[in-house]
Amino acid sequence: MANILAVTANALEPATLDPRTAWANAARKVVTRADALHADGSLNQQFFKPKKVVFATEKAKWNESDWANLYAGIEKYGIDPSSWKKIIEEFCPGRDVLFVRIKASRAIGSQGLNRYHGWIGSKDEMSAEYARNKAIGEATGCWKSGILVENDHGHAMAAIRKRDEEEAAAGILPPGKRVKK
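Anyway, here's the lowdown on the structure attached to this text.

Definitions and limits used
Residues numbered from 1 in each chain as written. Predicted model: local features only at pLDDT ≥ 70, side-chain atom pairs only at ≥ 80, totals over all residues. Heavy atoms only, no water. Core = buried A, V, L, I, M, F, W, Y, C linked by side-chain atoms within 4.5 Å. Buried < 20%, exposed > 50% of the residue type's maximum accessible area, 1.4 Å probe, protein only. Helix = DSSP H or I, 4+ residues; strand = E, 2+ residues; numbered from the N terminus. Contact = heavy atoms within 4.5 Å. Salt bridge = Lys/Arg side-chain N within 4 Å of Asp/Glu carboxyl O.

What about the nonpolar core?
Ranked by size, the top nonpolar core spans 18 residues in total, and within it Ile74, Ile79 and Ile87 carry the most contacts. The greatest single-element share of this core, amounting to four residues, is contributed by helix H5 (residues 97–108). Discounting residues that sit within four places of it in the chain, Ile87 has contacts with Leu70, Gly73, Ile74, Tyr77, Gly78, Cys92 and Val100. Grouped together as the second largest cluster of nonpolar side chains are six residues, Cys142, Trp143, Ala156 and Ile160 included.

Focus on the environment of Asp40
In this structure, Asp40 sits in the loop between helix H1 (19–31) and helix H2 (45–48). A sequence separation of 15 residues divides Asp40 from Asn25, and the C-alpha atoms of the two residues are 6.7 Å apart.

A closer look at the environment of Leu148
Note on placement: Leu148 falls in strand E5 (residues 147–148). For the pair Leu148 and Gly137, spaced 11 residues apart in the sequence, the C-alpha separation amounts to 5.3 Å. Among residues more than four places away in sequence, those in contact with Leu148 are Gly109, Ser110, Gln111, Arg115, Asn133, Ile136, Gly137, Cys142, Trp143, Ala156 and Ile160.

Quick notes on the pattern of salt bridges
Per the counting criterion, the structure on display carries eight salt bridges. For Arg132, the salt bridge goes to Asp164, with nearest N and O atoms at 3.6 Å. Of this pair, Arg132 sits in helix H6 (residues 123–140) while Asp164 is found in helix H7 (residues 155–169), placing the two residues 32 residues apart along the sequence. Owing to a relative accessible area of 34%, Asp164 belongs among the partly exposed residues under this scheme. Notably, a salt bridge pairs Arg163 with Asp164, separated by 3.2 Å at the nearest N-O pair. On the accessibility criterion, Arg163 (13% relative accessible area) is buried. What emerges from the salt-bridge pattern is a single network uniting Glu129, Arg132, Arg163, Asp164 and Glu167.

The structure is reproduced here in structure tokens:
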């Protein structure tokens, strides 16, 4: 399904184009700004590269104390949309909700936190859940930059469901606990 490129005198042209890719390229030409695309409708990756590199300030960087505070907040309030502000007020003052959620995602090893609504766990339980997510991510090819991400085919979610069913049948309790469903 990969594009095979043939070099011509002036440009790269697709030698054979998968119909799905051709459709995506045509759709992009309609809805995407021209400078973000090549003439054939494929993405111009240079457009998406940062024009200026910005480094996190010392205040934005997380240290061991910040991580310990996040773990304490999740152990007390859990992972839930209503929890983030409470965690910030009590444990992570001055932090932004978005960044606290991203750090929680990284700590548990899952891009999607929706399946963790109402989940409460200690640092050790979060580490155990991280290891479970990593095992699924590596087995399905969905482990990217230290986090489980879903692909277009739903492989990660299917593997999670299968694992959960097998553990339930064997009487194995997952780490953490649910206080809400």
